[in-house]
Structure formats: structure tokens, C-alpha cells
Amino acid sequence: MTAQNLHFYSHYLGLVFTHTMPLYTISEVKAAPEKECDYLFLHMKPVSSDDDEAEMGLITIKVFLEPLRLLQRRIDLLVKNSHNKVGSEKDPRLNSRELLQRLVAMEKEVEHGQSSDQGSWEDVGLYMDGHHDGRREAGEIKLNIADHTEEKKPDGKVKLPAAPVEYIPPGMTRKSLEREFSVSPKVLFHVMFGEKSSVFQTLYANRRSKQPVQQVAWKEIDKGRARRTFAYNATFLDIFGRNRRADIEDHQTIEKQDGSICYVVTDIKIPWHLPHGMDFIMVSKIVITYVDKAKSKLTVYTRLDWFKDPMLSKRMIEKQALEDLDNDALDLGDVVAEAIRKLGRLPQLHTAVTMFGGILNSPITSASATVEKPTLNHVSSTRIPIKHRPLSMLILENALSSAESAASSVIIAFVAVGKLITAHWVLLLLLSGSVIGNFSLSNRAGRAYWSERRADRFLKAIRVAPDGVMQRAITLTDLSDAIKPSFSNATTTTTTGVCWRKFEERAEEGDGPMGKRLGIGRQRLGMVRHDLVVALRVVNGIERDLVKAEWERWREDERRRCRLARRLLLVDGEAQGMQELERYCSDCEVDAAAGEAAVV
């Protein structure tokens, strides 16, 4: 900043961008102290639309180290000096030396305690414990160039811890949600549990009940402790398919309020949707703790309190109930984040109290009683809504979950093995398999070879060897004798005796074990004989076709010779030879004509 201009520098993609703005375009300077940093707001003058600075409207500057009021007074002096005209007798414009002297004098006034504006942003408080302490409503310091009025220094100070606060409720070890928000713990507490807050009503609508939920106001039960209830109707189908209705009443209890440091609220729900729902309750501890000057942490701890343990299904019911509590906690974080977005860019405590209400009979609550409750109905849940689950459904879901886990474990194991196996390992495995297969097949073939060789040596040793030259054949004339059964060697006696005839009668009747054995054996042999007969008919057909082909070829040769012989005999003039030739050749011609007619 110079005596006449305000310069801005920025770095983007390795480049340095500059922008210069004259100080006379600033009409007003505002300042707002906050816990994390301070803000300066430079309001621009309305000028012609073709001026680039007219489009800026408002410039916001974050201040971290400099004292807010001293910085504001200095900027105000420079802006006011830029508005003065050179050579004016009433308000002359100061030169650079005079400006530096005035700026240094302002700093000395602050150091020696001579200025009422020496306090910094740490001295500015807002609301403590729900009571107004006389500070500004808007939390804003405003300096107008025309009248140059200033705000006085507040008396009280906010003392905050130097490190984030950690708090674990007694008996709670299971953490379902841990999420940080850019608001103070007190603001977050009013957003969630204010009298006009619809955070939990939205949560009930998303997860538990489509019917309206009656939210009762907070009632003080002890010093620093309060309680409220949520009543709704749950409808479901029982195991026989009948419609059932249950009147449910959950409640919340404020257990701990430690200023802007820590808040603890106990949320107890009735598990109407689970088996043995009257034997236990679902407990959630909602803890809000301090993290930074403008940051808080929301933590949800969950557990189950059993009044009576079931015999066999306790672990199964606990798994489902704790899963429902985890989903409730995740949905709670989403709904709270949406509610905080409604507070705007700079959430303040008085804004939260105005929109979401206070706790019990806070003066801030009464001041904002006419403001309507903010609606969060558009917040949708990505988790499955709670529905009634009988014990049979839980058993089936657990069985399917176990099967799915086993399948996923197998798939993960295969994937892990697949990641370990490279192309070299695949080639080595294939080579090993090939070696093992070849060894097994070679071993089997080698054993068969040596077994045949030993058998051949044994046959040669006993002088039994096949004749590789001898061949046998059978003609059609010998076929009947070859296939006719002969029983001449079946008995040592003749086949005309009385004993043999008795045997034939018993064999034909098929009585007794002998008849059955003989019948079964002859039936099998008959099937073999049938196959052989079919094979013989095929062989006979082939032989017939062979003979027919040779006959037709020979007949055509004879007809050709007959034609040649006729020409020779006609030349020689032999009548007797011609008659004999015609008798022979006419027979060949007639046979050939009959064959052609049969083909047609």
C-alpha cells in the first residue's frame, strides 16, 4: 500500500500477476474480528460501469498478525488523505513524510496505552453461556470516513485451550463417527440441539420413520443437565404377515456443558426393529469438543445395554444393532454438515441461535422465538433405512454375509497369487508340467514295451511263434460248412444216444441252472454270429460287385472283337464261320441289351 494506491500481487502457474487500485475508489472500511483470523472489508465507490474497479464491489482482506484496530485506523487515514484535494485549505492532502509521521504516531499511541483502540481481536468476545455481555450484536467494527466513529474496547476476554480437547465418556470405547467442522463447539451444539433444530427430525425421517416425529422441548432435570424425548409410531409386518404398530419414545440427555470446550449428550433409542427389542437399548454418546478457535470435533460413541441376554442369538443381534448405530452416526454427520452450510460463510453464535434456537430458557432463545425452524428435508441418506428384521431374516443375512466373505477371501487370494506370479513363473510351471507328463507317458510306454518283450521271449522259449507267411481264405462253397455248428466234439459219445437227447430237451426247455447258463451263452453267441453274418453279407456284396464289374468289362471286349471278326469274315467270304460268330455275338449283344434295360 502506498499513499495513493493499493497494490495486489498473486502467483499462479509460476507467473506473478499484479493489480493496482486507487485509494480514492474506496468509500468505506469495515472490520470483523474472528477467532481464527480477522477480516477487513473495503467497500468500493459506485462509479461508471466502464471502470474496471466498479465490478469489484467489495474487497475482503484476511488479517492474522497485525492488530486489527491499528491497521484499520491506518488504512482509514490513507483513504481519507486520498480523498483530499491538493492545495485545499480546509483539508489539505498530506505528503509522504507527514503520512509516515502520522502512522508512526498511531503505533506509539497503542504502545503507550494512550489510545482506546489498542486492543486486538483476542479481546473481542461474542456470547458466553447463553448470556449477552454487552458486546456488539453484529460482531463488526465499522469506521465511516465521513464521521470517523469508532467502537470501544470490550471488557471481557475469551480464554481457550492451547491444544485440542480430547474427551472419552466413561464406559464408551467404540467410536462410530469422528468429524471436524469449521464452527465453534458452542455453535455446533446449538445447531444440533437447539429448540428449533430439525437435525434429528431429519435423521428420523431418513432412517426410522416416515410418520411425523414429535420432538418435545428440553426440560431441566438437574443443574447443567436437561432431557427431551422423540415420540413416533413404527409400523411393520410380523412373522405371519400381519400389520403391527408400536409407539416408540426415544430420549436425549445433556450430560455435560463446559462452556465452549466440551459438550456431551446421551442419545438412547429403542430397538423395535430387532428381535428381543425389549431386552436391550441402543446408546449413543454425542461428544462435541474444542479443536481450534473456529473449529470443533463431533464424535459419536456407541454401545448396547442388555437387560436380559438371549440364549443363542445375542452376537447376531449385537452385530446388526451396532451396524444400525454406525449408519445413524454417519447420517448424523451429513445432516449436521448441511445445517452448518445454512449458517453462511462466517457462522456466528447469534446466527446459530437465531436459526436453530437456544437451550432451555436462554435470553437468546426468547429473542429469536418468532423465527421459523429451518427445514432440512432435502438431505437424503445413501444408507438403507431401518426396517423390521425377524430372527430368521438375521440368520439368512448372516449366512449370505459369511458366504460372500468366503468368496471374497478366495478371490482376494487368487488376485494376490496372480500378482506374485510373473511370466517367468508361468513358463516354469508349464515346463515342469510338460516334464512330469512326458515322464509319466514314457514310463507307461516303457513298461508296456518291456512287458511285451518278456512275453515274446517266453513264447520263444516254449517254441510257440506265429507264422507270418501263412494265409487262410474261405470260399462261398465252404461257407455253409464253416458256419454250421458241430457238436461232434462236445461229447465223447455219439449224438444219437438217449443221454444226449435228454440233454437237448433240457437245453431247449431252459429249465434249471444248466438251461439258463446255456441259454444265456447261446444268446450271446447268437449276437456275435449276427454281427459276423452282417459282415459276411458286406463281403459278399463287395465280391458280387467285383465280379459284375469284371463281367461287364469282358463283355464289352467281346463285343468289340465280334465287330472286328465280322469285318474280317466278310472280306474272306466264309459263310460257315459267319453263322457261328453271329450265334456267339448275338448272345453277347442280348445280354448287353438286358443289362442296359435294367439300368434304365
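Residues numbered from 1 in each chain as written. Predicted model: local features only at pLDDT ≥ 70, side-chain atom pairs only at ≥ 80, totals over all residues. Heavy atoms only, no water.

Right, let's get into a negative patch on the surface. Among the surface-exposed residues, E504, E505, E508, E509 and D511 lie close enough to one another that they form a single negatively charged patch. Relative to the assigned elements, D511 resides in the loop between α11 (498-509) and α12 (512-572). Judged by its relative accessible area of 47%, D511 is partly exposed. (Patch = residues over 30% accessible without salt bridge, like charges linked within 9 Å, V, L, I, M, F, W, Y side chains within 5 Å. Areas by Shrake-Rupley, 256 points an atom, 1.4 Å probe, with all protein chains shown as cover. Salt bridge = Lys/Arg side-chain N within 4 Å of Asp/Glu carboxyl O. Lys, Arg positive; Asp, Glu negative; His and termini not counted. Charge placed at Lys NZ, Arg CZ, Asp CG, Glu CD. Helix = DSSP H or I, 4+ residues; strand = E, 2+ residues; numbered from the N terminus. Buried < 20%, exposed > 50% of the residue type's maximum accessible area, 1.4 Å probe, protein only.)

Moving on, we get to unusual backbone geometry. Phi is positive for L13, which is not a glycine, with a value near 55 degrees. Relative to the helices and strands, L13 resides in the loop between β1 (5-12) and β2 (15-22). Look at H276: it is not a glycine, yet its phi comes out positive at around 55 degrees. By secondary structure assignment, the location of H276 is in the loop between β14 (262-269) and β15 (280-292). A relative accessible area of 36% means that H276 is categorised as partly exposed.

If you look at the biggest cluster of nonpolar residues, it comprises 45 residues, and the most contacted ones within it are L188, M192, F193, F200, I286 and L332. The element contributing the most residues to this core is helix α5 (residues 314-341), with seven residues. Judged by nonpolar contacts, the second largest core, of 21 residues, contains V29, A31, L40 and M106. (Core = buried A, V, L, I, M, F, W, Y, C linked by side-chain atoms within 4.5 Å.)

This part covers the packing of helix α3 (residues 185-193) against α5. Between α3 and α5, the least distance of the axes is 10 Å, while the angle of their chain directions is 110 degrees. Here α3 is positioned roughly perpendicular relative to α5, judged by the angle of their axes. Where α3 approaches α5, its residues L188, V191 and M192 are matched on the opposing element by L332, V336, A339 and I340. Partitioned by chemical class, the residues of the contact of α3 with α5 number seven nonpolar, no polar and no charged. (Axes fitted to C-alpha atoms, helices over the stretch in contact; angles between N-to-C directions. Parallel < 35°, antiparallel > 145°, perpendicular 65-115°, else oblique. Contact = heavy atoms within 4.5 Å. Nonpolar A, V, L, I, M, F, W, Y, C, P; charged D, E, K, R; others polar.)

Counted under the stated rule, the structure contains one disulfide. Bridging C562 to C585, the disulfide has an S-S length of 1.9 Å. Handedness of the C562-C585 disulfide follows from its S-S torsion of about -95 degrees: it is left-handed. With C562 in helix α12 and C585 in helix α13 (residues 575-599), this pair connects stretches of sequence that are 23 residues apart. Taking relative accessible area as the criterion, C562 reaches 4% and is therefore assigned buried. (Disulfide = S-S within 2.5 Å.)

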